[in-house]
Amino acid sequence: MDHFGGRGVYGHTGFMAALEKLDIPISSCAGSSAGAIVGGVMASGTNIQDWIKTITQVNTKQFWTPQSMLQLLYRFGLLQGRGVTGLSSTAAAIRFLTGQLAVQTFEDCIYPLSTVVVNLGECEKTVFDKGLLAPRIMASAAMPGLYEPVEIEGQYYTDGAVIDLAPADAICCRYQLDMLLVHHLAQRDYTTGERECSEFCVTVIPR
């Protein structure tokens, strides 16, 4: 799942699986990019073992639908890149995420969830915590250049990790927290040199 920020999806999933194995309950969650995907799926109430099975068997075409080479050559050659906002539409990815969610709105999640995005029109960070989950999760993971921005209610949004890797402020000032955990993935894979920008935060109820 490289186009999703694959290491982030797998890394955050492993972290959530560890919390479940340790029987540590989560009271709220905030995420950006891959953290929004995993945090959103888990907050919806999806069984984590079902999610693990899904991401180990997923087909790239389920979430990555790039334009044809002919289309790209036309846009970059004749149009000099005008109108190119990303290599792939987000429609397939949103459909994929919709199918993985146990509920479809923030309001129906089993605990409060916040996803962080960049509002391109306003050039500022935006936090989603209401409305349909799938498009708002995908908006937080729509990496610039790879995915087209996601349009929501007339505004265009892109990857929240561009502006905030660890969106602790999305939850830490809104709830009476006993403990805040931030799951951080190394920003660089030193075996390949590739960068990875993904974190997310969960609040837990200590025993």
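Quick caveat, the model's predicted, so the values are computed rather than measured.

> I'd like a description of the environment of Val182, backed by residues and values.
Among the structural elements, Val182 can be located in strand β9 (residues 180–184). A relative accessible area of 42% means that Val182 is categorised as partly exposed. Residues Val182 and Ala166, spaced 16 residues apart in sequence, show a C-alpha to C-alpha distance of 7.0 Å.

> Tell me about the pairing of strand β5 (residues 124–128), and name the residues and values.
By the bridge criterion, five bridges tie strand β4 (residues 113–119) to β5 in an arrangement that is antiparallel. Looking across to β5, one finds that Val117 is bridged to Thr126. A loop of four residues connects β4 with β5, the two strands running antiparallel in sequence, and Cys123 in this loop sits at a positive phi of about 55°.

> Please give an account of the packing of aromatic side chains that cites residues and values.
The final tally for this structure, using the stated rule, is three aromatic pairs. With a centroid separation of 6.4 Å and an interplanar angle of 55°, the aromatic rings of Phe63 and Phe96 are classed as tilted. Of this pair, Phe63 sits in the loop between α3 (48–57) and β2 (65–66) while Phe96 is found in helix α5 (residues 91–100), placing the two residues 33 residues apart along the sequence. Judged on exposure class, the residue Phe63 and its partner Phe96 are both buried. Their ring planes at 90° and their centres at 5.4 Å tell us that Trp64 and Tyr147 sit as a pair that is edge-to-face. In this pair, Trp64 sits in the loop between α3 and β2 while Tyr147 sits in strand β6 (residues 145–147), placing the two residues 83 residues apart along the sequence. Judged by its relative accessible area of 11%, Trp64 is buried. The ring of Phe128 has Arg136 sitting right over it, with the charged end atom 5.3 Å from the ring centre.

> Run through the sheet that holds strand β3 (residues 86–89), naming residues and quoting values.
Ordered in space as β2-β3-β6, the three strands form an open sheet in which the pairing is mixed. Where the open sheet ends on each side, the last strands, each with one partner, are β2 and β6.

> Give me the layout of surface pockets: which residues, what numbers.
Volume-wise, the second largest pocket comes out at about 250 Å³. Counting residues per element, the lining of the second largest pocket draws most heavily on helix α1 (residues 6–21), at three residues. Of the residues in the lining of the second largest pocket, the class split is nine nonpolar, three polar and two charged.

> If you had to explain the pattern of salt bridges to someone new, which residues and values would you point to?
Throughout the structure, instances matching the rule amount to four salt bridges. Two residues, Asp169 and Lys125, come together in a salt bridge whose shortest N-O distance is 2.9 Å. Note that Asp169 is positioned in the loop between β8 (155–159) and β9 and Lys125 in strand β5, a separation of 44 residues in sequence. By relative accessible area, Asp169 is classed as partly exposed at 44%. You can call Lys125 partly exposed: its relative accessible area is 28%. Salt bridges here are not isolated pairs; linked through shared partners, they connect Lys125, Asp164 and Asp169.

> So what's going on with the pairing of β4? Which residues, and what values?
Along any regular strand, the residues point their side chains to alternate faces of the sheet. Burial runs high along β4: seven of the seven residues are buried. Bridge count for strand β1 (residues 26–31) against β4 is three bridges, and the pairing is parallel. Bridged to Gly31 within β4 is Thr115. Where β4 lies against β8, three bridges are found, and the strand directions are antiparallel. The residue bridging Val118 from the neighbouring strand is Thr158, located in β8.

Rules used throughout
- Residues numbered from 1 in each chain as written.
- Predicted model: local features only at pLDDT ≥ 70, side-chain atom pairs only at ≥ 80, totals over all residues.
- Heavy atoms only, no water.
- Helix = DSSP H or I, 4+ residues; strand = E, 2+ residues; numbered from the N terminus.
- Buried < 20%, exposed > 50% of the residue type's maximum accessible area, 1.4 Å probe, protein only.
- Pairing = 2+ DSSP bridges.
- Phe/Tyr/Trp six-rings, centres within 6.5 Å; stacked < 30°, edge-to-face > 60°.
- Lys NZ or Arg CZ within 6 Å of the ring centre and 35° of its normal.
- 1 Å grid on protein atoms, 1.4 Å probe; cavity = no way out; pocket = protein on both sides within 12 Å on 5 of 7 lines; lining within 4 Å.
- Points joined across faces, edges and corners; volume = space filled by probe spheres on them.
- Nonpolar A, V, L, I, M, F, W, Y, C, P; charged D, E, K, R; others polar.
- Salt bridge = Lys/Arg side-chain N within 4 Å of Asp/Glu carboxyl O.

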